[in-house]
Amino acid sequence: MANTEQQKKQKQYEKYVKQVTPTHNLPLNMVKAFVTGGLICVLGQVILNFAKSRGLDTEMAGTWCSVILILLSVILTGFNIYPKIGKFGGAGGLVPITGFANSVAASAIEFKAEGQVFGIGCKIFTIAGPVILYGILSSWVLGIIYYVLKLMGVIS
Amino acid sequence: MSKKHTRGAASIAFQEPVYIQSSASIVSKKEGEGPLRDSFDMICEDPMFGTKTWEAAESTMQKEAATLAIGKAGLKPKDIRMLFAGDLLAQTIASSFGIAEMGIPFYGLYGACSTMGESLSLGAMAIAAGYGEHILCATSSHFASAEKEFRFPLGYGNQRPFSATWTVTGSGACVLGSCPPPKSISDKKLPLRVGNGCAVITGITTGKIMDYGLKDSLNMGGCMAPAACDTIYQNLTDFARSPSDYDYIFTGDLGVVGQKILIDLLADKGIDIRNVHDDCGLLIFDNETQDTHAGGSGCGCSATVLASHILPKIAAGEWKRILFVPTGALLSKVSFNEGESVPGIAHAVVIEHVEAE
């Protein structure tokens, strides 16, 4: 009884705090994210088209595109410019491959002082780790679904 | 001892005032560009303080602040009977590594951002009990080491909510003593004394841990405001005072959001502090131009604002009596990840102006 009373009070307080806390303007942030993410993708497309025009096949051009974007992101992280892009663009800066590279590079820089093994080695994927783990897990699940559907003849 | 020092349920009134003999503050570049830029003793442009890691930087900063405070009081490290110090890092390494080589008997504290209140309370108690002639109280925080301890690597491009505060890179230290500080002797030895005016600690109220169940670690103001409310209310009750008995009530780092909540919570109890309240986190930065969102935070926030801005004004007699209430959020990365709430704590220190004989 006392417990539910307390929970009710906590809920009330949480609601009240939410009311008085200013929040970011969601539509504006979405526009910023769209523009930032869009620009990164346009840059990727430019690299891709350029690589293709130099005679690379689609797969090879795609690899070059990823590698160059990652390199750019890591360099910008090192010069403390990528955090500014992330601050402006939010998910628009974090979701593309450049955001992934930023999270890895930032961890490496931060934990360098704790040594090559226990610092960089253990902590380089503190932010990116979940993405890798659950990315692999979900592609495994999708693979099984694909396999089953193929056995059933749903997809050829 | 026959004299009774306790007041009410959680406060102490010192029979003999405890003098704050000197105060020192060191901050980094961003704080040095803020509204209090002219008040700090030292502004270090290099956030690494000449070291290789953020932790070593914070240690160095705390050691420098302690050395400065001792020097300003005209003392040597060996004159200090004991030292109460703390910081935000796990196992309070900034304090233990920074102050180790000074050779002063040391008590390490953790009260999150309320640590300056905790160290002043314990230091004042020790002086009042006659356990030492001179006691040093110091705390520090560093933006980069705190981000690393509690949040993300600095280079990670994330967005901070408006309720988030900005950890102050700074360290504040005070020397407490049983007698008034000496008159200033030279440019280097500048005790906290204006003419005969001094700042003394006359009472404290020890805070309870308050938990309203809030889990948002990026809304520290909301997590800590209930603790500040409880401690201020307790202080006013124990000393039978009203807010107007204080020239100011300074909370530590509630920020914009926490300040509003505190005022509302106290209003619910029938206490209006609107005219006397200010927050160290709102004084140290200009939130509009410095992009600090809700304000400054960290042990160093309340400690440097106290040392640089508040104490000199009390010594000068501009303010006769203030209540200093640093607030802390008692969370760790582990408790946060395990889904625990963020409990708050606040310790109140009554500081008054006196004329030394």
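Residues numbered from 1 in each chain as written. Chains lettered and ligands numbered in written order. Predicted model: local features only at pLDDT ≥ 70, side-chain atom pairs only at ≥ 80, totals over all residues.

Q: Account for the overall build of chain A, naming residues and giving values.
A: Helix and strand content of chain A: eight helices and zero strands. The order of α-helices and β-strands along chain A, N terminus first, is α-α-α-α-α-α-α-α. A globule of 156 residues ought to have a C-alpha radius of gyration of about 15 Å, yet chain A, at 22 Å, is considerably larger. By its C-alpha atoms, chain A is 70 × 55 × 40 Å across when sized along the principal axes. Looking at chain A as a whole, 22% of its 156 residues are labelled buried. Sequence separation of 24 or more characterises 55% of the internal contacts of chain A that already satisfy a separation of 6 or more. (Helix = DSSP H or I, 4+ residues; strand = E, 2+ residues; numbered from the N terminus. Rg over C-alpha atoms; globule rule 2.2 N^0.38 Å. Buried ≥ 20, exposed ≤ 12 C-beta atoms within 10 Å, placed from the backbone. Contact = placed C-beta atoms within 7 Å.)

Q: Tell me about the overall build of chain B, and name the residues and values.
A: Helices and strands together make up the secondary structure of chain B, namely 11 helices and 17 strands. Computed over the C-alpha atoms, the radius of gyration of chain B is 19 Å, within 12% of the 21 Å expected from 2.2 N^0.38 for a compact globule of 357 residues. Along the first, second and third principal axes, the C-alpha atoms of chain B reach 55 × 50 × 35 Å.

Q: If you had to explain the domain arrangement of chain A to someone new, which residues and values would you point to?
A: If you check the domain split of chain A, you get domain 1 (24-124) and domain 2 (128-156). Taking only C-alpha atoms, the centre of domain 1 of chain A and the centre of domain 2 of chain A are 26 Å apart. (Domains from an automatic or database assignment.)

Q: So, the pairing of strand S14 (residues 321-325) of chain B: which residues are in play, and what are the values?
A: Residue and element names in this part refer to chain B. Counting buried residues along S14, four of its five residues qualify, which places the element largely inside the surrounding structure. One ladder, built from four bridges, connects strand S11 (residues 248-251) with S14; its direction is parallel. Pairing of Thr 251 across the sheet is with Val 325, part of S14. One ladder, built from four bridges, connects S14 with strand S17 (residues 348-355); its direction is antiparallel. Note on S17: the bridge partner recorded for Arg 321 is Glu 352. (Pairing = 2+ DSSP bridges.)

Q: Before we move on, could you go through the confidence of the model for chain B and cite the residues and values that matter?
A: In the predicted model, chain B carries a mean pLDDT of 94, and the fraction of residues at 70 or more is 99%. This complex was scored by the predictor with a pTM of 0.93 and an ipTM of 0.88. (pLDDT = per-residue confidence, 0-100.)

Q: Report on the packing of helix H6 (residues 97-111) of chain A against helix H7 (residues 116-123) of chain A, specifying residues and quantitative values.
A: Residues and elements named next belong to chain A. The contact between H6 and H7 brings their axes to 8 Å, and the two run at 165°. In this view, H6 runs roughly antiparallel relative to H7, as classed from their interaxial angle. H6 and H7 meet at a crossing whose hand is right-handed. Across the interface between the two elements, Ser 107, Ala 108 and Phe 111 of H6 pack against Gly 119, Ile 120 and Lys 123 of H7. Along the lines of polarity and charge, the residues of the contact of H6 with H7 split into three nonpolar, two polar and one charged. (Axes fitted to C-alpha atoms, helices over the stretch in contact; angles between N-to-C directions. Parallel < 35°, antiparallel > 145°, perpendicular 65-115°, else oblique. Left-handed = near helix turned anticlockwise from the far one by under 90°. Nonpolar A, V, L, I, M, F, W, Y, C, P; charged D, E, K, R; others polar.)

Q: With reference to specific residues and values, describe the packing of helix H2 (residues 26-53) of chain A against helix H4 (residues 82-89) of chain A.
A: Residues and elements named next belong to chain A. H4 packs onto H2 with a crossing angle of 135° between their chain directions and a minimal axis gap of 8 Å. Considered as vectors, H2 and H4 are oriented oblique to each other. Taking contact as the criterion, the partners of Lys 32, Ala 33, Thr 36 and Gly 37 in H2 are, on H4, Ile 85, Phe 88 and Gly 89. Residues that form the contact of H2 with H4 fall into these classes: three nonpolar, three polar and one charged.

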